[in-house]
Amino acid sequence: MTDNQTPEFKRRLSDHIVDAFDIACNQGNVEAASGLYQTLEIVLTNQGGAGSVEKRHNIDFIHAAAAKLMALKSQQRAA
């Protein structure tokens, strides 16, 4: 980050959960990553509901998190 850049401000709970999920995955903590992924699903479901519209422009992070968790679980089984 350069001096003229400000840090990215994350206001959504789901953003913080994804950050924690990434840390758990990077540490190889499958149990924590699984729990955080389930929590992410709950938070995203609660934010939605009948007639709600997703306001995010990029929701690829959800698919990426699922793939990352599956890879971590697969890696653990192989070990």
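Since we're looking at a predicted model, the values are computed, not measured. (Residues numbered from 1 in each chain as written. Predicted model: local features only at pLDDT ≥ 70, side-chain atom pairs only at ≥ 80, totals over all residues. Heavy atoms only, no water.)

J.: Help me understand the overall build of the chain, please; the structure alone is not making it clear to me.
T.: Within the chain, the secondary structure is distributed over three helices and zero strands. From first element to last, N terminus to C terminus, the chain shows the α and β order α-α-α. Taken across its 79 residues, the chain has 24% of its residues classed as buried. For the chain, the share of sequence-separated contacts (at least 6 apart) that also reach a separation of at least 24 residues comes to 62%. (Helix = DSSP H or I, 4+ residues; strand = E, 2+ residues; numbered from the N terminus. Buried < 20%, exposed > 50% of the residue type's maximum accessible area, 1.4 Å probe, protein only. Contact = heavy atoms within 4.5 Å.)

J.: Sorry if this is basic, but what is going on with helix α2 (residues 30-47) here?
T.: The end-to-end C-alpha separation of α2 is 26 Å, in line with the 26 Å expected for 18 residues at 1.5 Å each. Residues Val30, Ala33, Ser34, Tyr37, Leu40, Val43 and Leu44 constitute the buried set of α2. (Expected span 1.5 Å × (residues − 1).)

J.: Could you clarify how one ought to interpret the environment of Gly28 in this entry?
T.: With respect to the element layout, Gly28 can be found in the loop between α1 (13-26) and α2. Accessibility expressed as a relative area gives 40% for Gly28, which makes it partly exposed. Here the alpha-carbon distance between Gly28 and Lys73, two residues 45 residues apart in the chain, equals 9.1 Å.

J.: What's the story with the packing of aromatic side chains in this structure? I'm lost.
T.: Centre distance and the angle of the planes are the two values used to describe a pair of aromatic rings. What the rule picks out here adds up to one aromatic pair. Ring centres of Phe21 and Tyr37 lie 6.2 Å apart, and the angle between their planes is 50 degrees; on these two criteria the pair is classed as tilted. Linking Phe21 in helix α1 with Tyr37 in helix α2, this pair joins segments that are 16 residues apart in sequence. (Phe/Tyr/Trp six-rings, centres within 6.5 Å; stacked < 30°, edge-to-face > 60°.)

J.: Would you explain helix α3 (residues 60-78) in this entry?
T.: Three or four residues apart is the spacing at which side chains of an α-helix point the same way, because the helix has 3.6 residues per turn. End to end, α3 covers 27 Å across 19 residues, agreeing with the expected 27 Å (1.5 Å per residue, within 8%). Against the buried residues of α3 lie α1 and α2.

J.: I'm lost on the nonpolar core in this one. Help?
T.: Soluble globular proteins tend to bury their nonpolar side chains together. By size, the foremost hydrophobic cluster in this structure holds nine residues: Phe21, Ala24, Cys25, Val30, Ala33, Tyr37, Ala65, Leu69 and Leu72. Contributions of two or more residues to this core are made by α1, α2 and α3. Among all residues touching Cys25, those that are not within four sequence positions of it are Ala33, Lys68 and Leu72. Ranked by size, the runner-up nonpolar core spans six residues in total, among them Val18, Leu40, Val43 and Phe61. (Core = buried A, V, L, I, M, F, W, Y, C linked by side-chain atoms within 4.5 Å.)

None of the figures reported here should be taken as evidence of function without further support.
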